[in-house]
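# An overview of the molecular structure
Listed here are the chains, written in short residue letters.
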Amino acid sequence: MRDISRRGLLALGLVGGASALAACGSSGGGSETSSGAGATSGGGTSSGAAPTGSGSGAAAAPTGSGTVNVLYAGSLVALMEKQLGPAYEKATGYKFAGFSAGSTDLAAQIKGKVRKADVFISASPKADAELMGAKNGDWVTWYINYASSALVLGYNAKSKFADNIKAGPWYDVITESGFRIGTTDPEADPKGKLAHQALLDAGKQHPKLLDLAKNDKIVFPEETLVAQLQSGQLDAGFFYTSEAKTAGIPTVELTGQDLSAAYTATVVKNAPNQAGAEAFVAYLLGPDGQKFLKQDAFKLVTPPTITGSGVPDTVKKVLSS
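Now for a look at the structure at hand. (Residues numbered from 1 in each chain as written. Predicted model: local features only at pLDDT ≥ 70, side-chain atom pairs only at ≥ 80, totals over all residues. Heavy atoms only, no water.)

### Observations concerning the overall build of the protein
On a plain count of helices and strands, the protein comes out with 14 helices and nine strands. Taken over 321 residues, the protein has a buried fraction of 50%. For the protein, contacts bridging at least 24 residues in sequence account for 79% of all contacts bridging at least 6. (Helix = DSSP H or I, 4+ residues; strand = E, 2+ residues; numbered from the N terminus. Buried < 20%, exposed > 50% of the residue type's maximum accessible area, 1.4 Å probe, protein only. Contact = heavy atoms within 4.5 Å.)

### Quick look at the packing of aromatic side chains
Applying the stated criterion across every chain yields a total of nine aromatic pairs. A ring pair is formed by Tyr-88 and Phe-280, whose centres lie 5.0 Å apart and whose planes are at 80°; its orientation type is edge-to-face. Here Tyr-88 is found in helix α3 (residues 77–92), whereas its partner Phe-280 is found in helix α12 (residues 274–285), with 192 residues between them in sequence. There is no split in this pair, since Tyr-88 and Phe-280 are both buried. Taken together, the ring pairs in this structure connect Tyr-88, Tyr-94, Phe-96, Phe-280 and Tyr-283 into an aromatic cluster. Across from the ring centre of Trp-139, 4.9 Å away, lies the NZ or CZ of Lys-269, which sits over that ring. (Phe/Tyr/Trp six-rings, centres within 6.5 Å; stacked < 30°, edge-to-face > 60°. Lys NZ or Arg CZ within 6 Å of the ring centre and 35° of its normal.)

### Focus: the pairing of strand β1 (residues 67–73)
Buried residues dominate β1, accounting for six of its seven residues. Bridge count between β1 and strand β2 (residues 95–101): seven bridges; the pairing is parallel. Among the inter-strand pairings, Tyr-72 is bridged to a residue of β2, identified as Ser-100. Handedness of the crossover joining β1 and β2 through α3 is recorded here as right-handed. When β1 meets strand β3 (residues 119–122), the two strands line up parallel, connected through three bridges. The residue of β3 that forms the bridge with Leu-71 is Phe-120. (Pairing = 2+ DSSP bridges. Right-handed = clockwise from strand over helix to strand, strands pointing away.)

### Details of the pairing of strand β8 (residues 260–267)
Of all eight residues in β8, six are buried, a share of seventy percent or more. Strand direction decides the pairing type here: β3 and β8, joined by four bridges, are antiparallel. Directly across from Ile-121, in β8, lies its bridge partner Ala-265. With six bridges connecting them, strand β4 (residues 142–155) and β8 associate as antiparallel partners. Opposite Ser-148, over in β8, you have Ala-262 as the bridge partner.

### As for α12
The end-to-end C-alpha separation of α12 is 17 Å, in line with the 16 Å expected for 12 residues at 1.5 Å each. When you tally the buried positions in α12, you get 10 out of 12 residues, the bulk of the element. Those residues of α12 that sit buried are Gly-276, Ala-277, Glu-278, Ala-279, Phe-280, Val-281, Ala-282, Tyr-283, Leu-284 and Leu-285. (Expected span 1.5 Å × (residues − 1).)

### Some thoughts on the nonpolar core
Soluble globular proteins tend to bury their nonpolar side chains together. Core analysis: the biggest nonpolar cluster contains 66 residues, and Leu-76, Ile-121, Tyr-146, Leu-153 and Phe-280 have the highest contact counts within it. Among the elements that line this core, the one with the most residues is α12, at eight residues. Per-domain counts for this core show at least three residues from each of domain 1 (67–148 + 262–320) and domain 2 (150–260). Beyond its immediate stretch of four places on either side in the chain, Phe-280 contacts Val-68, Val-70, Met-80, Leu-84, Tyr-88, Phe-96, Val-119 and Ile-121. Phe-120, Ala-127, Met-132 and Val-268 belong to the second largest nonpolar core, which has 15 residues in total. (Core = buried A, V, L, I, M, F, W, Y, C linked by side-chain atoms within 4.5 Å. Domains from an automatic or database assignment.)

Below is the structure:
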């Protein structure tokens, strides 16, 4: 794990060197997202886009103009870039600009002023906690936990190990000779931390898993892990149920484990587009955003829970509708 930590620090340093280019939140996160947000403006919605104005009687997200920079967990690329972002643009008039990475890394970039953000969408409340309080710069004073998604093992259906994976148990199959497993960096990403925990916990009875937990060669950036699996570079990887569903990845449960992402949303202090940021969170938590979450197999937190204080009235209105 020491090697992983060094690599995470080096990656952050490289990002810091590019802060002048990133300060405005590049559309679509450059090479770190599957599609450029700039290409999704206007009517460029996917077939799964929810109709605007749905949810009769419910509070609608406010309209406006300007770009809204959203830093979000890498497990949400498909949701943000293909569904929610384009639909939000069409419904509100704001322009969505997304950037994805591990939630822990994103929190560090916000705190280090490497990247400006209007909205922060995390896969763990612990990332929000790193931005709360005077010692952390008060970058975040509140966050809303709105959904969760279980950690599972996703596999390539064309892998020679596919039948073994389906037959299970997972902890025996992934230690077979020649098996290629992928996870994300536990130092940078909550999913990587959960996967590491799963390996350690199961490793108490299956010691071979402890060797995997120490192997940094199985670590990949969160925003590229899906592509690594789909291209056949990996036989299996640790994913959340929701991202596996949107990517069409078959999965098996991690028998003996009960680990999940806890997704949160907040508006960042000194947001360049405060009104647009509030509108985005309101849209996410509103009827259209909830439809996307349900169809992508997220488990909704009902009602969403608030931590901290200072939630804008725009967002409160949606929560109370």
